[in-house]
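Reading the structure
Given next are the chains, with one letter for each unit.
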Amino acid sequence: MVRATTCGICNNVLPIDAAKTLRTFPFCSERCQQIDLHRWMDGRYAIVEDADPEELLEQLHEEDEFDE
Ligand SMILES: [Zn+2]
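For clarity, every value in this text was computed on a predicted model and none was experimentally measured. (Residues numbered from 1 in each chain as written. Predicted model: local features only at pLDDT ≥ 70, side-chain atom pairs only at ≥ 80, totals over all residues. Heavy atoms only, no water.)

**Some words on the overall build of the chain**
Defined as follows: In DSSP terms, a helix is any run of H or I states spanning at least four residues, a strand is any run of E spanning at least two, and both are numbered starting from the N terminus. Should any heavy atoms of two residues lie within 4.5 Å, those residues are counted as being in contact. The Shrake-Rupley method, run with a 1.4 Å probe sphere, supplies the accessible areas, and residue values consider only the shown protein chains as cover.
Of the regular secondary structure elements, the chain holds four helices and zero strands. Along the chain, helices and strands appear, N-terminal first, in the series α-α-α-α. For the chain, long-range pairs separated by at least 24 residues make up 10% of all intrachain contacts whose partners lie at least 6 apart in sequence. Carbon and sulfur atoms make up 54% of the accessible area of the chain, which amounts to about 6,400 Å² in all.

Below is the structure:
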């Protein structure tokens, strides 16, 4: 049984022989290959997603009190 390989970025199903024929393997296209590259190079956005705006405001207020 051959398991279908999918693009790690957009989940497009790749051809069975993609490993041999697809230049951008394991991605379906150059575009997805580039997206993956940027994800590795730019890890910052994971931190931005985790940031809680209310928590940041609380921290700012605490710093204000500390200064007085
Ligand atoms: Zn893709």
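There's more to say after this.
**With respect to the coordination of the zinc ion**
Heads up, the rule is: Because water is not among the atoms used, a metal site may look incomplete, as its donors are only the N, O and S atoms within 2.8 Å, or 3.2 Å for Na, K and Ca. Here a site with four donors is tetrahedral if all angles are between 85 and 135 degrees, and a site with four or six donors is square planar or octahedral if opposite donors are over 155 degrees apart and the other angles are between 65 and 115; anything else gets the irregular label.
Ligation of the zinc ion by protein atoms is provided by Cys7 (SG), Cys10 (SG), Cys28 (SG) and Cys32 (SG), these donors lying 2.3 Å from the ion. Around the zinc ion, the four donor atoms sit at angles spanning 102 to 118 degrees, and that spread fits a shape best called tetrahedral.

**Overview of the nonpolar core**
This is how the line gets drawn: Throughout, nonpolar core names a set of buried Ala, Val, Leu, Ile, Met, Phe, Trp, Tyr and Cys residues whose side chains join them through atoms within 4.5 Å. Exposure is judged per residue with a 1.4 Å probe applied to protein chains only, and the accessible area is read against the type maximum: over 50% gives exposed, under 20% gives buried, and values in between give partly exposed.
Listed in full, the six residues of the largest apolar core are Cys7, Ile9, Leu14, Ala18, Phe27 and Cys32. For cysteine 32, the residues in contact, after removing those within four places along its chain, are Cys7, Ile9, Cys10 and Phe27.

**Things to note about the pattern of salt bridges**
Quick reminder of the rule: Within this document, salt bridges are pairs made up of a side-chain nitrogen of Lys or Arg and a carboxyl oxygen of Asp or Glu, the two lying within 4 Å of each other.
Counted according to the given criterion, the structure contains one salt bridge. Arginine 23 is the partner of glutamate 30 in a salt bridge, and the nearest nitrogen-oxygen pair spans 2.8 Å.

**Some thoughts on the side chain of threonine 24**
Considering the arrangement of structural elements, one finds threonine 24 in the loop between α1 (18-21) and α2 (30-41). Judged by its relative accessible area of 7%, threonine 24 falls in the buried class. Dropping the residues within four chain positions of it, threonine 24 is found in contact with Ser29, Glu30 and Gln33.

**Observations concerning the confidence of the model for the chain**
Worth spelling out the cut-off: A score from 0 to 100, pLDDT tells how confident the predictor is in each residue.
Averaged over all residues, the pLDDT of the chain equals 80, while 74% of them reach at least 70. Per-element confidence in the chain ranges from a low mean pLDDT of 55 for helix α3 (residues 44-50) to a high of 93 for α1.

**So, unusual backbone geometry**
Glycine aside, residues mostly have negative phi, and peptide bonds are mostly found in the trans state. The linkage connecting phenylalanine 25 with the following residue, proline 26, adopts the cis geometry, with an omega of 5 degrees. Looking at where proline 26 falls in the secondary structure, it is placed in the loop between α1 and α2. Non-glycine residue asparagine 11 carries a positive phi angle of around 65 degrees. Mapping asparagine 11 onto the fold places it in the segment before α1. Take asparagine 11: its relative accessible area is 57%, and that puts it in the exposed class.

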